[in-house]
Amino acid sequence: MVPQPLGTRYTVQIKPDWTLTPISTGFLKSPLMQTEHYSTSQFARDVDTCVRKHPNESEVLRQIKPLLEKLILSPGSVPAEAFTPRRDRFAMNLIHMPRDEMFSIIGGVWHPGQTTPIHDHLTWALIGVYDGEEREALFRRTDDGSNPKIAKIENVSERINTKGHVTILGHRGIHRVDNISGKPTTSIHVYGRDIGHAERHSYNPATGEISRFVSGYCNVLRDTERF
Ligand SMILES: [Fe+2]
């Protein structure tokens, strides 16, 4: 999630909804497995229903958390393209977003040693570990938030999250996620906005500096990359 120049525009090919198509349905041969399987597309439909039914942030998080837990524990539930890595940085691949951009579902990949900055989302967020393990540090601001360029933040917790773990963050949540293991880490994220196009903040804990950035998506071309 390397900061991109502000004002960079991205284009999402909306069909009406932007959905990454699963590439394999081979696991659907058994009637029993069909009953147990929970697909990404079904998860997207359930999230869509939830966010339109519950305008309250805490209720949305409470309702989606068990759905995300079910998705990340369901074998083969996520198309492989969602976890296309990048050599140069942590990868964010858009899986699904409705036309009105009420939420976005992302596949995240960290190669060993890759990290995010300390950052916020300025919306509610759920992050579920699909495979591997991630180290997640949570932070909070201790200043009054009145200076848009400088913040005081403190680390409130740090833990290793493994497959099946779901972190929930409200719109004031601040965290950093990295991979200190020797294997890739993959995860599914849900945000209450078009997170790849949204301007948000990264934080320098040493200087207090706040930087604005737009992350983009690795699998959605910027306007400048189209031909
Ligand atoms: Fe994040």
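Below: a short report on this structure. (Residues numbered from 1 in each chain as written. Predicted model: local features only at pLDDT ≥ 70, side-chain atom pairs only at ≥ 80, totals over all residues.)

**As for helix α2 (residues 40–53)**
The line we're drawing: Helical segments are the DSSP runs of H or I of at least four residues, strand segments are the runs of E of at least two, and each set is numbered from the N terminus. Here the expected length of a helix is defined as 1.5 Å per residue gap, with one fewer gap than residues. Exposure classes come from backbone-placed C-beta atoms, where a residue is buried if 20 or more other C-beta atoms lie within 10 Å of its own, exposed if 12 or fewer do, and partly exposed in between. Working definition: the arc comes from the directions between the helix axis and the C-beta atoms, pointing outward to the latter. A residue pair is marked as a contact if its C-beta atoms, positioned from the backbone, fall within 7 Å.
End to end, α2 covers 20 Å across 14 residues, agreeing with the expected 20 Å (1.5 Å per residue, within 8%). Taken residue by residue, α2 has T40, F43, A44 and V47 as its buried positions. The buried side chains of α2 occupy one side of the element, clustering within an arc of 100° when seen end-on. Counted as exposed and oriented over 90 degrees from the buried face of α2: T49, R52 and K53. Elements in contact with the buried residues of α2: β1 (18–19), α3 (57–73), β2 (91–97), β3 (104–110) and β10 (185–191).

**Topic: unusual backbone geometry**
Unusually for a residue other than glycine, E101 sits at a positive phi of about 60°. Along the polypeptide, E101 turns up in the loop between β2 and β3. Backbone geometry at L122 places phi at a positive 55°, although glycine is not the residue there. Residue position: L122 is located in the loop between β4 (118–120) and β5 (125–131). Here L122 falls in the partly exposed class, since 17 other C-beta atoms lie within 10 Å of it.

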